[in-house]
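Close look at the chain arrangement
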Amino acid sequence: MHMNSAPHLLTEDRPEYERILDDALRHAHERPDLAAVGERLNPVQLRTMAMAATALITAAAATEYEHYVKAREEIRAAAARDEGGEPDTGQSGAHQSGAGIGAVITVLAPMLAGTAAVIFLLIGYILKALDPPPSFADTMVGAGWFFTAATAAAILVAAVGLLLTALRNGSTSPADEEQGEELPEDVARAREAWRHALLERGILPFLRDALADPGAAPAARIPHRSANRIPKIGYSRPDFSSPDDGPAAAPRPTFTSPDFTSPDFGGPEHELD
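Residues numbered from 1 in each chain as written. Predicted model: local features only at pLDDT ≥ 70, side-chain atom pairs only at ≥ 80, totals over all residues. Heavy atoms only, no water.

Quick look at the overall build of the chain now. A count of helical and extended segments in the chain gives seven helices and zero strands. Listed N to C, the secondary structure of the chain is α-α-α-α-α-α-α in terms of helices and strands. With 273 residues in all, the chain has 26% of them scored as buried. When contacts within the chain are restricted to residue pairs at least 6 apart in sequence, those whose partners lie at least 24 apart make up 72%. Total accessible area on the chain stands at roughly 19,900 Å², and carbon and sulfur atoms take up 60% of it. (Helix = DSSP H or I, 4+ residues; strand = E, 2+ residues; numbered from the N terminus. Buried < 20%, exposed > 50% of the residue type's maximum accessible area, 1.4 Å probe, protein only. Contact = heavy atoms within 4.5 Å. Areas by Shrake-Rupley, 256 points an atom, 1.4 Å probe, with all protein chains shown as cover.)

This is the structure we're talking about:
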């Protein structure tokens, strides 16, 4: 990222840009300078224009955005160094592999135990219905009830595991969604400064300029005084003009067909004797 050029808005920050823009349009009626919203340009048209001019609008807060991105990258790099500071002995991969196997067993155990319970109970009671019943019919029924109990226990363990996972994810997800609570103070200040600059120096001036021209429309002409800020939307016919002030055009050469006459040709009175 170069200091002498406006940084490009990163994909992860584009939703934040859209949120600030939507908030500005939603509360436009509270600002006297945006009171014309809805008269000639509605919020949807203004949003379309602002999204097309994202690069121009965000350039107004380029300094604050560059500082924010730099601070955020430094924090992420430091966190990555802390996590990967110790040599990788393969224990992390083994732990992840073990966790994956445990999850598979947790899911498959109730299914397998339940299937075995149904099979043993079905076969056992069918054998007991015979006359005389085989001696191992009671054993089959006992095995079926054992697997039934195992199925219930596996379902209980899986439910507890899902509950613990949900509680653990629930305790961390708000921090992921609201990063301002978890970010260091300097990064949070840099992000807030970028948000404020983006709104005050980028989005609001753009909306004011778009509403300044009485004939402004998304596909119409753009105000001349803000032509460098608002992108042109639509196409205009090229202006062709006749060279009124140029030198007079030279006369075109004319061509006439040659006059062909036959030599010494007359009427019948000139026929030779």
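Let us now look at the nonpolar core. If you look at the biggest cluster of nonpolar residues, it comprises 34 residues, and the most contacted ones within it are Tyr17, Leu46, Ile57, Leu198, Ile203 and Leu207. Counting only elements with at least two residues in this core, the list comes to helix 1 (14-26), helix 2 (43-52), helix 4 (62-83) and helix 7 (185-212). The element contributing the most residues to this core is helix 7, with 12 residues. (Core = buried A, V, L, I, M, F, W, Y, C linked by side-chain atoms within 4.5 Å.)

Its 13 residues give helix 1 an end-to-end C-alpha distance of 18 Å, which sits within 8% of 18 Å, the value for a rise of 1.5 Å per residue. Among all positions in helix 1, only Glu16, Tyr17, Ile20, Leu21, Ala24 and Leu25 are buried. Buried positions along helix 1 lie against helix 2, helix 3 (54-59) and helix 7. (Expected span 1.5 Å × (residues − 1).)

We now examine unusual backbone geometry. Residue Pro132 is reached from Asp131 by a cis peptide bond, and omega for that bond is -5°. Within the fold, Pro132 resides in the loop between helix 5 (91-128) and helix 6 (137-177).

What follows concerns the side chain of Arg72. On the secondary structure map, Arg72 appears in helix 4. Since its relative accessible area comes to 5%, Arg72 is described here as buried. One polar contact links Arg72 to Asp13, side chain to side chain, over a distance of 2.8 Å. When residues no more than four places from it in sequence are discounted, the contact partners of Arg72 are Leu10, Glu12, Asp13 and Val187. (Polar contact = N/O pair within 3.5 Å; in protein donor to acceptor, adjacent residues only side chain to side chain.)

Another aspect to go through is the packing of aromatic side chains. In the structure shown here, the tally under the stated rule is four aromatic pairs. The interplanar angle of 70° and the centroid separation of 5.5 Å between the aromatic rings of Phe146 and Phe147 together place this pair among those described as edge-to-face. Following the ring pairs from residue to residue traces out a cluster consisting of Tyr65, Tyr68 and Trp194. (Phe/Tyr/Trp six-rings, centres within 6.5 Å; stacked < 30°, edge-to-face > 60°.)

Considered for burial, the residues of helix 2 that qualify are Leu46, Met49, Ala50 and Met51. On its buried face, helix 2 sits against helix 1, helix 3 and helix 7.

Note that Thr48 resides in helix 2. Polar side-chain contacts of Thr48 include one of 2.9 Å to the backbone oxygen of Val44.

Below, the discussion takes up a nonpolar patch on the surface. On the surface, a cluster of nonpolar side chains totalling about 480 Å² of accessible area is made up of Val104, Val107, Leu108, Met111 and Leu112. Position of Leu112 relative to the elements: it lies in helix 5. The class for Leu112 is exposed, based on a relative accessible area of 59%. (Patch = residues over 30% accessible without salt bridge, like charges linked within 9 Å, V, L, I, M, F, W, Y side chains within 5 Å. Salt bridge = Lys/Arg side-chain N within 4 Å of Asp/Glu carboxyl O.)

The next thing to look at is the packing of helix 2 against helix 7. Helix 7 packs onto helix 2 with a crossing angle of 120° between their chain directions and a minimal axis gap of 11 Å. As far as their axial angle goes, helix 7 and helix 2 are oblique. For the crossing formed where helix 2 meets helix 7, the hand is right-handed. Contacts from Leu46, Met49 and Ala50 in helix 2 reach Phe206, Leu207, Ala210 and Leu211 in helix 7. Of the residues contributing to the contact of helix 2 with helix 7, the split by class is seven nonpolar, no polar and no charged. (Axes fitted to C-alpha atoms, helices over the stretch in contact; angles between N-to-C directions. Parallel < 35°, antiparallel > 145°, perpendicular 65-115°, else oblique. Left-handed = near helix turned anticlockwise from the far one by under 90°. Nonpolar A, V, L, I, M, F, W, Y, C, P; charged D, E, K, R; others polar.)

Two elements in contact, helix 1 and helix 7, have axes whose closest approach is 10 Å; the angle formed by their N-to-C orientations is 55°. Relative to helix 7, helix 1 is oriented oblique. Helix 7 is crossed by helix 1, and the crossing has right-handed handedness. In contact with Glu16, Tyr17, Arg19, Ile20, Leu21, Ala24 and Leu25 of helix 1, helix 7 contributes Trp194, Arg195, Leu198, Leu199, Ile203, Leu204 and Leu207. Its residues assigned to classes, the contact of helix 1 with helix 7 comprises 11 nonpolar, no polar and three charged.

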